[in-house]
Amino acid sequence: MAVLAPLIALVYSVPRLSRWLAQPYYLLSALLSAAFLLVRKLPPLCHGLPTQREDGNPCDFDWREVEILMFLSAIVMMKNRRSMFLMTCKPPLYMGPEYIKYFNDKTIDEELERDKKVTWIVEFFANWSNDCQSFAPIYADLSLKYNCTGLNFGKVDVGRYTDVSMRYKVSTSPLTKQLPTLILFQGGKEVMRRPQIDKKGRAVSWTFSEENVIREFNLNELYQRAKKPSKAGDSIPEEQPVASAPTTVSDGENKKDK
């Protein structure tokens, strides 16, 4: 399985890689990389090069070059973390029932401001994040249990809409622990979020379990308060959570779009 997964990922990426390599920038970068290896390792081209190796062998990498290559490899892996994610064993994409509205960079602000009597719990996620994929079925189950007229659940892909991540101060760096992030909005304003951010801008460790979300966000009380306007004669009928309810998706958004 450890060998099969990278091979499948490589075959899957061949069409996209071919389009990348057809661009002059990537083609020139590949040629320069190959030229460096040929000059550095192929005699007699490498015989005249300076070296800091103890054995004086000019046709092998010295310690300084090894450090530089390792640093560059780490930068390339971070910049292409989404492609590297395909080569790891990740949880399958959740495709079950849910009462969740998917936002893009334009619809999230419009929906939060549309009816300030509605309380929103919004998950900020990225498809390349293992933690987000693992939390997806838990969040879907919570939406089925607690969604009603005055309490709605939403999601926005900050890996795709980077301006949303900056607007709501959710870091998408793989070095931080801010994905996923849950934010509670009341009256169109942020009330609380998990994980919390300390004074140094770092995420405080927090476990995304169903019990923790229910307790920290006080979902039972929010759900009971959200149902009261309907019982008092509000013109909007109350929505009862239904286990087989269809997914709510905004215009232009799809769970399978990636």
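As the structure is a computational prediction, the values presented were derived from the model and not from experiment.

A. Geometry of the overall build of the protein. Looking only at helices and strands, one finds nine helices and six strands in the protein. Sorting the 258 residues of the protein into buried and exposed places 36% on the buried side. If you sum the accessible surface of the protein, you get close to 16,000 Å²; carbon and sulfur atoms cover 61% of it.

B. Up close: the pattern of salt bridges. Enumeration according to the criterion identifies 13 salt bridges in this entry. We note a salt bridge from R167 to D109, for which the minimum N-O separation is 2.4 Å. Here R167 is found in helix α7 (residues 162-167), whereas its partner D109 is found in helix α5 (residues 107-114), with 58 residues between them in sequence. Judged by its relative accessible area of 28%, D109 is partly exposed. Each of K101, E111 and R114 takes part in salt bridges that share partners, so that together they form one network.

C. Representation of the side chain of E111 within the structure. In this fold, E111 is placed in helix α5. On the accessibility criterion, E111 (12% relative accessible area) is buried. A distance of 3.2 Å separates a polar atom in the side chain of E111 from a polar atom in the side chain of R114. Each residue touching E111, except ones within four places of it in the same chain, is listed here: K101, F103 and W120.

D. Quick look at the packing of aromatic side chains. Counted by the stated rule, this structure contains eight aromatic pairs. Each ring, one from F135 and one from F208, has its centre 5.2 Å from the other, and the planes form 65°; the classification is edge-to-face. Of this pair, F135 sits in helix α6 (residues 130-146) while F208 sits in the loop between β5 (189-194) and α8 (210-216); the two residues are 73 residues apart in sequence, bridging distant segments of the chain. Side by side, F135 and F208 carry an identical accessibility label, which is buried. Among the aromatic residues, ring-to-ring pairing joins F135, Y139, F153, W206 and F208 into one connected group. Of note, K155 hangs over the ring of F125, and the distance from its end group to the ring centre comes to 4.6 Å.

E. Focus on the nonpolar core. The biggest cluster of nonpolar side chains holds 41 residues, and the ones touching the most others in it are F124, L151 and V156. Breaking this core down by element, the ones donating at least two residues are β1 (101-103), α5, β2 (119-125), α6, β3 (151-157), β4 (181-186) and α9 (219-231). Discounting chain neighbours no more than four positions away, the residues touching F124 are I108, V156, V158, V164, Y168, V170, L179, P180, T181, I183 and F185.

F. Layout of the environment of E210. Here E210 is to be found in helix α8. Overall, E210 belongs to the buried group, its relative accessible area being 19%. Taking the C-alpha atoms as reference, E210 lies 9.0 Å from F135; in sequence the two are 75 residues apart. Residues contacting E210, with those up to four places away along its chain left out, are I138, D141, L142 and K145.

G. Focus on the pairing of β4. Of all six residues in β4, five are buried; the element is thus mostly enclosed. Bridge analysis of β2 against β4 gives five bridges, and the strand direction is antiparallel. The residue bridging W120 from the neighbouring strand is F185, located in β4. Relative to β5, β4 runs antiparallel, the two sharing five bridges.

H. Representation of a nonpolar patch on the surface within the structure. A cluster of nonpolar side chains, contributed by F36, L37, I68, L69, F71, L72 and I75, occupies part of the molecular surface with about 630 Å² of accessible area. When contributions to the nonpolar patch are tallied by element, the ones reaching two or more residues are α2 (24-41) and α3 (63-79). Top element by residues in the nonpolar patch is α3. It accounts for five residues. Relative to the helices and strands, I68 resides in helix α3.

I. The arrangement of α6 in detail. Under the 1.5 Å per step criterion, the end-to-end length of α6 is 25 Å for 17 residues, consistent within 8% with the ideal 24 Å. At A136, α6 shows its largest bend, some 35°, and a proline, P137, comes one to four positions later. Three or more residues of α6 are buried, namely C132, Q133, F135, A136, Y139, A140, L142, S143, L144 and Y146. With a side-chain oxygen positioned 3.4 Å from the backbone nitrogen of D131, the residue opening α6 is S129.

J. Molecular detail of the confidence of the model for the protein. The share of residues in the protein with pLDDT of 70 or more is 71%, and the mean pLDDT across the chain is 78. The model gives residues 230-252 a pLDDT under 50, and that stretch makes 48 contacts with residues more than four places away or in other chains.

Definitions and cut-offs
Residues numbered from 1 in each chain as written. Predicted model: local features only at pLDDT ≥ 70, side-chain atom pairs only at ≥ 80, totals over all residues. Heavy atoms only, no water. Helix = DSSP H or I, 4+ residues; strand = E, 2+ residues; numbered from the N terminus. Buried < 20%, exposed > 50% of the residue type's maximum accessible area, 1.4 Å probe, protein only. Areas by Shrake-Rupley, 256 points an atom, 1.4 Å probe, with all protein chains shown as cover. Salt bridge = Lys/Arg side-chain N within 4 Å of Asp/Glu carboxyl O. Polar contact = N/O pair within 3.5 Å; in protein donor to acceptor, adjacent residues only side chain to side chain. Contact = heavy atoms within 4.5 Å. Phe/Tyr/Trp six-rings, centres within 6.5 Å; stacked < 30°, edge-to-face > 60°. Lys NZ or Arg CZ within 6 Å of the ring centre and 35° of its normal. Core = buried A, V, L, I, M, F, W, Y, C linked by side-chain atoms within 4.5 Å. Pairing = 2+ DSSP bridges. Patch = residues over 30% accessible without salt bridge, like charges linked within 9 Å, V, L, I, M, F, W, Y side chains within 5 Å. Expected span 1.5 Å × (residues − 1). Bend = angle between axes of the 7 residues up to and from the residue. pLDDT = per-residue confidence, 0-100.

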